[in-house]
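# Structure at a glance
So you can see what is in the structure, the chains are spelled out below.
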Amino acid sequence: MSDNKRKKIALLTGIPEDVHGNAVIEGIRRQCEQYDYDLYIFAAMIHTESSMREYVIGEANIFNLVNYEEMDGVILDSVNLFYGLEGAILGRVRERLSRYPELPVVALELPVDGIPTIRNRNENILREMCRHMVLEHNRRKVALLTGYKGNEVAESRVKIFRDELERLGVEVPEEWISYGDFWYPGGRAFAEQIIKGEIERPDAVIAASDCMAIGLMEKLLEKGIRVPEDIAVMGFDGIFEGRFTSPTLSSFSANDAEMAADAVNELRKKMDPGMPVIPYEVDFSRMFFRGNSCGCVTDVNDMTKQINDVICLNSHNEVTKKSVENIRIGQLLETYVMERFTAAESVAECFRMIFEAVYLLNPYQNFCLCLNDGWMDTDARMTYGYSEQMRTVVAHSMVSDNWFFRQEQSYTFSAEDMMPSIYRSGEDPEIYIFVPVHFNEKSLGYVMLQRSIHKECHMTMVFRNWVRYVNNALEMIRDRERLKMLSLSDGFTGFLNRRGMSENLERMISEQEEGECMFFSVIDMDGLKKINDTYGHTEGDNAIRMIANAIRETVGPGEIVVRAGGDEFYLIGMGSYTEEYETHFTDVLQERLSRIWDASGKMYDVKASIGCVTGKVWNITDVERLLRMADARMYAMKTMHKEKKADS
């Protein structure tokens, strides 16, 4: 556990911007606020059962970031994690948790072997659904649509529905109890049975999930069966999509916030034994959306609010604080931030674009983009976990002057810390949100967003899509840099080619400081033609590699190496070089080449002629002049080597 004495609760969840996710976060937040706990949210921003397997792998990687030694309690939102990657996501989480047997852990709604389950206390809501359909709309032939047969949640919901309907004098025959999958196909399948006359047509259907209710309605309406005139429909979950169906779907929200608060209370009993547990207050009146599908009149005010919150395009008003603190998806689209991100032609420009668009994630206190150290290595394919050292490359703050995006300001920290130490909680508890940055299954890093525990923490489509834009922009920059590297470098040795040399020389000249001069060394292999003729071109290539490896061991900070021809290389540096360094460099390079050749055991000699020169450079003309001088000195040494060999 860290030195910070404030207790920490970790929530592992998926698609946090949906109704369920936001309710869970709000329930946990309110209890953490009362208990003075920090809340750490690790979220995959996609449904983990998505068919986009590679993308899910990249999203689920965020759960590998959790340092359980830092946590005092853990909540698994198993509803959103249970089936991801055929159970592999939850399996990996369970495996890591098994190393911390004393750490209190609870699961929400769906049981996880060996972990206490916090149930959703939805019974009163489920009974109210039945009372509404029977007492307000006088529907007496009521069918029930639930989830997987044998699933504990599906079975419990249908049991409560059936019991309450019987209390109301409504019997439900077995043929009117349909098991689906909590998803759209389950509703469509039941509609098919009704349409084909395989079962008697009911006058109402109560569904245990909104997705099944929507699938049912779509199929009924497609075949000319009117909703609600012929069959009234009601769902359960309160998802946003139900507000925008035609007819609008009447639905009760699940009591997810209270369930999440119960989870915190259960953890508190183990984290702080003997301390008071505060009940969570629930307002059931706010949990019913009155739609047209059951026969009610749509709540226009609620409908307007949902449209405004989810898809409304509001012009950005720089004066109005509300518009700055509640960015809508329409505003996000109108900023053309995706186009700005992906148009960046360099890493530096990309980081600047990201920095300038962080305000779209408001409200927040601090933001940082943390990338794997070495994230630009396009040959690396990290798919599980993060690098030991993470690099903070962009930081933005609403509460301090910790703002930067320039590469020279970036810094590293241990991945075990999860975030830079400057963001550690101070006087008040905080919310820390971690979401993955990746391209398909390739891990690039993550975003950390810090918010106050004292404000509602609504996750939105803006946040999800903003991070998606970052994912794509970083991958495009990686590809561009890779293509640029290929165009500027020699594929055989990895050194610069002549084009790469030109670009780097311009930079070195422009960045030189007063008193600095440039060092040039021209290195040319001796006897390559004889090696090729005697031992073959494969051995000739091996000999060139030995030269390249010796140079690679000798190159200093800020120096560049160029493969100028088949067996000719340049080494160039800018700094406080002296003429004495020319002799030193030659001796060191020759010693390293001799050692590499000795270790190779080759029958042929691998030697090089080296010419060095140091001088002041003002422009490219000076570079050409000094290179000619170094080249002349190299040929002088080569002539000396030939004469010496002839004498022997």
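The coordinates are above.
Residues numbered from 1 in each chain as written. Predicted model: local features only at pLDDT ≥ 70, side-chain atom pairs only at ≥ 80, totals over all residues. Heavy atoms only, no water.

### Section: the overall build of the protein chain
Helix and strand content of the protein chain: 20 helices and 20 strands. Its C-alpha radius of gyration of 33 Å places the protein chain more than 25% over the 26 Å reference for a compact globule of 648 residues. On the principal axes, the C-alpha backbone points of the protein chain span a range of 115 × 55 × 50 Å. Across the 648 residues that make up the protein chain, the buried fraction comes to 56%. When the accessible area of the protein chain is evaluated, it comes to approximately 29,500 Å², of which 49% is carbon and sulfur surface. (Helix = DSSP H or I, 4+ residues; strand = E, 2+ residues; numbered from the N terminus. Rg over C-alpha atoms; globule rule 2.2 N^0.38 Å. Buried < 20%, exposed > 50% of the residue type's maximum accessible area, 1.4 Å probe, protein only. Areas by Shrake-Rupley, 256 points an atom, 1.4 Å probe, with all protein chains shown as cover.)

### Points about the sheet that holds strand β1 (residues 8-14)
In space, the ten strands of this open sheet follow the order β5-β4-β3-β1-β2-β15-β16-β12-β13-β14, with mixed pairing throughout. The sheet is open, and its two borders are formed by β5 (117-118) and β14 (411-414), each paired with just one other strand. Where β1 meets strand β3 (residues 73-76), four bridges bridge the pair, whose relative direction is parallel. Directly across from Ile-9, in β3, lies its bridge partner Gly-73. Helix α14 (residues 347-356) contacts β12 (366-372) and β13 (389-397) of the sheet and is inclined by roughly 45° relative to β13. (Pairing = 2+ DSSP bridges. Contact = heavy atoms within 4.5 Å. Axes fitted to C-alpha atoms, helices over the stretch in contact; angles between N-to-C directions.)

### So, helix α17 (residues 528-535)
Among the residues of α17, those classed as buried are Leu-528, Ile-531 and Asn-532. Seen along its axis, α17 keeps its buried residues to an arc of 100°; they face one direction. Residues of α17 that are exposed and angled more than 90 degrees away from the buried face: Lys-529, Lys-530, Asp-533 and Thr-534. Lining the buried residues of α17 we find β17 (517-526) and α18 (537-554). Remark: Gly-536 follows α17 within two positions and exhibits a positive phi of approximately 100°. (Arc of directions from axis to C-beta.)

### A closer look at the sheet that holds strand β9 (residues 232-237)
Here we have six strands laid out as an open sheet, ordered β7-β6-β8-β9-β10-β11, and mixed in their pairing. The open sheet has two free edges, formed respectively by β7 (177-179) and β11 (288-289), since each of these has just one partner strand. Where strand β8 (residues 204-207) lies against β9, three bridges are found, and the strand directions are parallel. Within the sheet, the bridge partner assigned to Ile-206 lies in β9 and is Met-234. Where helix α8 (residues 210-222) meets the sheet, its contacts fall on β6 (142-146), β8, β9 and β10 (250-253), and the angle it forms with β9 comes to roughly 155°.

### Quick look at the packing of aromatic side chains
Under the counting rule described, the total for this entry stands at 23 aromatic pairs. With centroids separated by 6.0 Å and ring planes inclined at 85°, the aromatic side chains of Phe-495 and Phe-569 adopt a geometry described as edge-to-face. With a gap of 74 residues between them, Phe-495 in the loop between α15 (461-488) and α16 (498-511) and Phe-569 in strand β19 (residues 568-575) connect regions that are remote in the sequence. Seen in terms of ring centroids, Tyr-581 and Phe-585 are 6.2 Å apart; in terms of plane orientation they differ by 40°. Their pairing is tilted. Of this pair, Tyr-581 and Phe-585 both sit in helix α19 (residues 579-600), separated by four residues, roughly a single helical turn. Counting every residue linked through ring pairs, the aromatic cluster contains Tyr-40, Phe-42, Tyr-386, Tyr-432, Phe-434 and Tyr-446. Sitting over the ring of Tyr-35, Arg-268 keeps its end group 4.0 Å from the ring centre. Sitting above the plane of the Trp-618 ring, Lys-616 keeps its charged end 5.2 Å from the centroid. (Phe/Tyr/Trp six-rings, centres within 6.5 Å; stacked < 30°, edge-to-face > 60°. Lys NZ or Arg CZ within 6 Å of the ring centre and 35° of its normal.)

### With respect to α8
Taking 1.5 Å per residue, 13 residues should reach 18 Å; α8 reaches 18 Å between its end C-alpha atoms and fits that length. For α8, the tally of buried residues reaches ten of 13 residues, placing the bulk of the element in the interior. Residues of α8 that are buried: Asp-210, Cys-211, Met-212, Ala-213, Ile-214, Gly-215, Leu-216, Met-217, Lys-219 and Leu-220. On its buried side, α8 packs onto β6, α7 (184-195), β8, β9 and β10. Once α8 ends, the next one or two residues include Gly-224, with phi positive near 85°. (Expected span 1.5 Å × (residues − 1).)

### What about the side chain of Gln-512?
For Gln-512, the position within the fold is in the loop between α16 and β17. Here the side chain of Gln-512 touches Ile-509 through a polar contact of 3.4 Å, landing on its backbone oxygen. Among the polar contacts made by the side chain of Gln-512, one reaches the main-chain carbonyl oxygen of Val-617 at a distance of 2.8 Å. Those residues within four positions of Gln-512 in sequence are excluded, and the remaining contacts are Met-574, Lys-616, Val-617 and Trp-618. (Polar contact = N/O pair within 3.5 Å; in protein donor to acceptor, adjacent residues only side chain to side chain.)

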